[in-house]
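Analysis of the macromolecular model
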Amino acid sequence: MACRITELVLDCADPQRMGDFWCEVLGYVELGWDGDDLEIGPPEAGFGGPQPTLILSRGTDPKPAKLPLHLDVNPTDRDQDAELERLLAAGARPADVGQTGEESWQVLADPEGNVFCLLRRRVDAVS
């Protein structure tokens, strides 16, 4: 028997704004609110499906430093350049974490400054 990741929790100041952003990025939908926490996930599966859901948890504590964990995303229906344009239009912004410029991935930050990477390789969408 093994465990499986079912949820990822991200502390944030504005769960609705972050939920809107990550729904646009991942093709997720709002699954519901539990107090100040917003859960988003795949439209067909929701909690317990093949992909983890994302909990946007309202928090006011400042981040102590760069998070030890970040998300990597891959385009599913376009190349990396087109997906980069889409993510920037959705509210992402370029982030500098000391990359050399030779990397095959793009380092971005979400609307609250959480770093994530857009990888080059295109993958199939999970259905």
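Note: the structure precedes this text.
Residues numbered from 1 in each chain as written. Predicted model: local features only at pLDDT ≥ 70, side-chain atom pairs only at ≥ 80, totals over all residues. Heavy atoms only, no water.

Things to note about the overall build of the protein
- Helix and strand counts for the protein come out as 2 helices and 8 strands.
- Order of helices (α) and strands (β) in the protein, N terminus to C terminus: β-α-β-β-β-β-α-β-β-β.
- In terms of C-alpha radius of gyration, the protein reaches 15 Å, essentially the compact-globule figure of 14 Å for 127 residues.
- The dimensions of the protein, computed from C-alpha atoms along their principal axes, are 40 × 35 × 35 Å.
- Within the protein, the proportion of its 127 residues that are buried is 31%. (Helix = DSSP H or I, 4+ residues; strand = E, 2+ residues; numbered from the N terminus. Rg over C-alpha atoms; globule rule 2.2 N^0.38 Å. Buried < 20%, exposed > 50% of the residue type's maximum accessible area, 1.4 Å probe, protein only.)

Side note on the packing of aromatic side chains
- One pass over the full model with this rule turns up 3 aromatic pairs.
- Note on Phe21 and Trp22: the rings are 5.2 Å apart at their centroids and 85° apart in plane angle, and the pair reads as edge-to-face. One exposure class covers both Phe21 and Trp22, and it is buried.
- Measuring from centroid to centroid gives 6.2 Å for Phe21 and Phe116, while their planes differ by 65°, and the two rings are edge-to-face. Taken as a pair, Phe21 in helix H1 (residues 15-26) and Phe116 in strand S8 (residues 115-118) lie far apart in primary sequence, 95 residues in all. Grouping residues by exposure puts Phe21 and Phe116 together as buried.
- Cluster of aromatic residues (ring-pair linked, three or more members): Phe21, Trp22 and Phe116. (Phe/Tyr/Trp six-rings, centres within 6.5 Å; stacked < 30°, edge-to-face > 60°.)

Description of H1
- Between its first and last C-alpha, H1 extends 16 Å over 12 residues, near the 16 Å set by a 1.5 Å rise per residue.
- Listing the buried residues of H1 in full gives Pro15, Met18, Gly19, Phe21, Trp22, Cys23 and Val25.
- Just beyond H1, the residue with positive phi is Gly27, at close to 75°. (Expected span 1.5 Å × (residues − 1).)

Things to note about helix H2 (residues 80-90)
- Buried within H2 are the following residues: Gln80, Glu83, Leu84, Arg86 and Leu87. Buried residues of H2, seen end-on, are gathered within an arc of 165° and therefore sit on one face of the element. Away from its buried face, by an angle of more than 90 degrees, H2 presents the exposed residues Asp81, Glu85 and Ala89.
- At the N-terminal boundary of H2, the capping side chain belongs to Asp79, with an oxygen 3.2 Å from the backbone nitrogen of Asp81.
- At the exit of H2 stands Gly91, carrying a positive phi of roughly 125°. (Arc of directions from axis to C-beta. Polar contact = N/O pair within 3.5 Å; in protein donor to acceptor, adjacent residues only side chain to side chain.)

Quick look at the nonpolar core
- Within the largest apolar cluster, 19 residues are counted, with the highest numbers of intra-cluster contacts made by Trp22, Ile40, Leu56, Leu87, Leu108 and Phe116.
- Broken down by element, the residue count for this core peaks at 5 residues, all from H1. (Core = buried A, V, L, I, M, F, W, Y, C linked by side-chain atoms within 4.5 Å.)

Some words on the state of the cysteines
- Counted under the stated rule, the structure contains 0 disulfides.
- Between Cys12, a cysteine without a disulfide, and Cys23, which holds the nearest cysteine sulfur, the sulfur-to-sulfur distance is 12 Å.
- The cysteine Cys117 is free of any disulfide, with Cys12 supplying the nearest cysteine sulfur at 20 Å. (Disulfide = S-S within 2.5 Å.)

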